[in-house]
Each structure stands twice: as C-alpha cells, then as structure tokens.
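# Working through the structure, step by step
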Amino acid sequence: MPGHGAADTRGKRMQPTPKTRAAKPRLTEQIATELRDQIQRGELSPGERLPSEAKLIEAYGVSRTVIREAVSALKVEGILASRQGAGVFVQRTAIKEPMPEAPFSGSYEQLSDIIEVLELRMAVEIESAALACQRMTFAHQARLYEALKRMGAEVAEGHLGAEADYQFHLAIAEATNNPHYVEFLKFLGNKTIPRARVTRTAESPEAQQEYLEKLLEEHRLIFEAIVSRDPDNARHAMRSHLTQSLSRYHKLLS
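A brief report on the enclosed structure follows. (Residues numbered from 1 in each chain as written. Predicted model: local features only at pLDDT ≥ 70, side-chain atom pairs only at ≥ 80, totals over all residues. Heavy atoms only, no water.)

This paragraph deals with the overall build of the protein chain. Along its length, the protein chain carries ten helices and two strands. Reading the secondary structure of the protein chain in the N-to-C direction produces α-α-α-α-β-β-α-α-α-α-α-α. Here the protein chain holds 254 residues, and 45% of them are scored as buried. Of the contacts formed within the protein chain by residues at least 6 apart in sequence, a portion of 72% connects residues at least 24 apart. For the protein chain, the accessible surface area stands at approximately 13300 Å², while carbon and sulfur atoms represent 53% of it. (Helix = DSSP H or I, 4+ residues; strand = E, 2+ residues; numbered from the N terminus. Buried < 20%, exposed > 50% of the residue type's maximum accessible area, 1.4 Å probe, protein only. Contact = heavy atoms within 4.5 Å. Areas by Shrake-Rupley, 256 points an atom, 1.4 Å probe, with all protein chains shown as cover.)

Right, dumping it as structure tokens:
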C-alpha cells in the first residue's frame, strides 16, 4: 500500500477535468477514456498501482459498478492488469501506441465493425474449440475453468464479466497448442468482447441481466464440450455462441 503522501499526490492527479456530465449509460466509457488518457499522458506510469476503487469513486463521483466496468474494459485492452493480493497495475506496454499498419488497430466502434469481427472470429474460433479438445492439458483445463468461474461470479454481481470472457476465449486458443490462435486473439484485444465497448441502453436492468446469464450459459456449454473432448460438440457450441452474438448485434443495428 502506498504511504499517505503518495496517496494524496495521486488523488490530486486523479481529479477529472471539469466537463459537462455525460448521460448515465455512457459513464463507463467516459471513465475508461479518462483513465486511458491519464496513462497515455504518463500521469500513471507503467508498473504503477492504480488508485484504490474507493479513491476512484470519490474522484469521479460515480458508482462502484461504473468504476469496476471501466477498469475491466481497460484490462481487456491490456492497459491494466490485476496482481493477486496487490491491486490493479498499469501494464508496462500499455502506453505504447500501436503501429499504424498493425492488424486490427482501428477503433472498431461501429456496430457494423463489431459484426465483421464476429464473422472473422467464427472462421477461427470454431476450429480452435475442436483443436482444444484434442490437445488440452490439465493446466489448460484449469485455466478455462477459472475464467468461466470468474465470469459467473461477475455476472452474478451484475457486472459485464468482459475480461473473464476474453480470458476464457484466450484459454481455448492456448489449449490448441498453436501459438497463432493466441496471436490472433491478442491482436483483436478488446475487440474480441464487444460488450466491453457497447452499452445496451434500450434494455432494462432485468433484461440486461438475463442477457448476461444467457451469455454465461453459452460459455458453460462450450466448456462442457471441450472438457468432454468432443470436437464436434465443441464446434457446435462455439458456432452457436458466436451466431447468437451476431444475431444480437444485427438486432441492435436494425
């Protein structure tokens, strides 16, 4: 834990610049953007601990849920990372700007972009699920289980579970023992899990929770197929999951 002096200094840095308050559905995106900008400006250095959740809540005047979801979105991007028992830290590679020609380096903020990435994921991840069945080790299975368990806990608390979702898909890629599957998902980064960037503003909290629980069940079916080492069922479960995701975003686009 930092001393009182360090905490006071950091607290001053974390004060948001005065601006017109954004509409509530966009608060998570707003806070994530402000944190990202501070890291890029060097106000939070690589390897430095992020201020506590309580200090972020006080600094930005938002709820715990908004802070957690903003931090989760930056974890999915690889900007932040948790260290067990120590807190959340800025990644050493976080403030590097991507090369202009780097794959998937665009913003991908439009629903049409999200749909195109999902179509691309279908071409890759359906087969990666099948390969994982054939090549998975006990270590891979444990990581897959932990990601699913974490996603379940976050969804039960009403959070998006986006980072755990990403780690789940990354664990499947690693279980193929083909590094190019892993590289593909790392190139996509936060574009892998679109709900980390898209707010479903038209839905009630109950409908949003039902949507998240449905997503969780889709991941459970993928997990069960892979640990059963059933390639055909794993392909089917992954295809069903990504097809339903495509359908959801097509409905938002219409």
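So, about the packing of helix α5 (residues 111-135) against helix α10 (residues 231-253). Axis separation between α5 and α10 bottoms out at 8 Å; the angle between their running directions is 170°. The angle between the axes of α5 and α10 places the two elements in the roughly antiparallel class. When the residues that make up the contact of α5 with α10 are grouped by side-chain class, the tally is 17 nonpolar, five polar and six charged. (Axes fitted to C-alpha atoms, helices over the stretch in contact; angles between N-to-C directions. Parallel < 35°, antiparallel > 145°, perpendicular 65-115°, else oblique. Nonpolar A, V, L, I, M, F, W, Y, C, P; charged D, E, K, R; others polar.)

Our next topic: the nonpolar core. Across soluble globular proteins, nonpolar side chains have a tendency to be buried as a group. Core analysis: the largest hydrophobic core is formed by 34 residues, its most contacted members being Leu 144, Phe 168, Ile 172, Ile 222, Ile 226 and Met 238. Of all the elements in the fold, those that place two or more residues in this core are α5, α6 (138-156), α7 (162-175), α9 (205-227) and α10. Residue contacts for Leu 144: discarding those within four places in its chain leaves Phe 168, Ala 171, Ile 172, Phe 223 and Ile 226. One finds Ile 39, Leu 44, Tyr 60 and Ile 67 within the second-largest nonpolar core, a separate group that totals 20 residues. (Core = buried A, V, L, I, M, F, W, Y, C linked by side-chain atoms within 4.5 Å.)

Let's shift gears to the packing of aromatic side chains. In this description, a pair of aromatic rings is defined by centroid distance and the angle of the planes. Enumeration over the complete set of coordinates arrives at one aromatic pair. Seen from their ring centres, Tyr 145 and Phe 223 are 6.2 Å apart, and the 45° between their planes marks the pair as tilted. Pair noted here: Tyr 145 is in helix α6 and Phe 223 is in helix α9, with a separation of 78 residues, a long-range link. It is Arg 83 that lies over the ring of Phe 89; its NZ or CZ is 3.9 Å from the centre. (Phe/Tyr/Trp six-rings, centres within 6.5 Å; stacked < 30°, edge-to-face > 60°. Lys NZ or Arg CZ within 6 Å of the ring centre and 35° of its normal.)

Once that is clear, we can look at the pattern of salt bridges. As enumerated under the stated definition, the model contains 15 salt bridges in all. Arg 150 is paired through a salt bridge with Glu 154; the nearest N and O atoms lie 3.1 Å apart. Separated by four residues within a single helix, Arg 150 and Glu 154 lie in helix α6, roughly one turn from each other. Residue class for Glu 154 comes out buried when judged on its relative accessible area of 13%. (Salt bridge = Lys/Arg side-chain N within 4 Å of Asp/Glu carboxyl O.)

We now examine α7. For α7, with 14 residues, the first-to-last C-alpha span of 20 Å sits near the 20 Å given by 1.5 Å per residue. Where burial is concerned, most of α7 is hidden: twelve out of the 14 residues are buried. The secondary structure elements touched by the buried residues of α7 are α4 (64-77), α5, α6, α8 (179-188), α9 and α10. After α7 finishes, the residue Asn 177 shows a positive phi value of roughly 60°. (Expected span 1.5 Å × (residues − 1).)

Let us now look at α5. Taking 1.5 Å of rise per residue, the 25 residues of α5 would be expected to cover 36 Å, and the 35 Å separating its terminal C-alpha atoms lies within 8% of that figure. Approximately 35° is the largest bend angle found in α5, and it occurs at Met 122. (Bend = angle between axes of the 7 residues up to and from the residue.)

Right, let's get into the environment of Leu 242. Topologically, Leu 242 is positioned in helix α10. The exposure class of Leu 242 is buried, given its relative accessible area of 0%. As for Leu 242 and Ile 126, which are separated by 116 residues in sequence, their C-alpha atoms are 8.8 Å apart. What Leu 242 contacts, discounting residues up to four positions off in sequence, is Leu 118, Arg 121, Met 122 and Glu 125.

Its place among the elements puts Thr 28 in helix α2 (residues 27-40). With relative accessibility at 15%, the residue Thr 28 sits in the buried group. In this view, Thr 28 contacts Val 66, Glu 69 and Ala 70; residues no more than four positions away in its chain are not counted.

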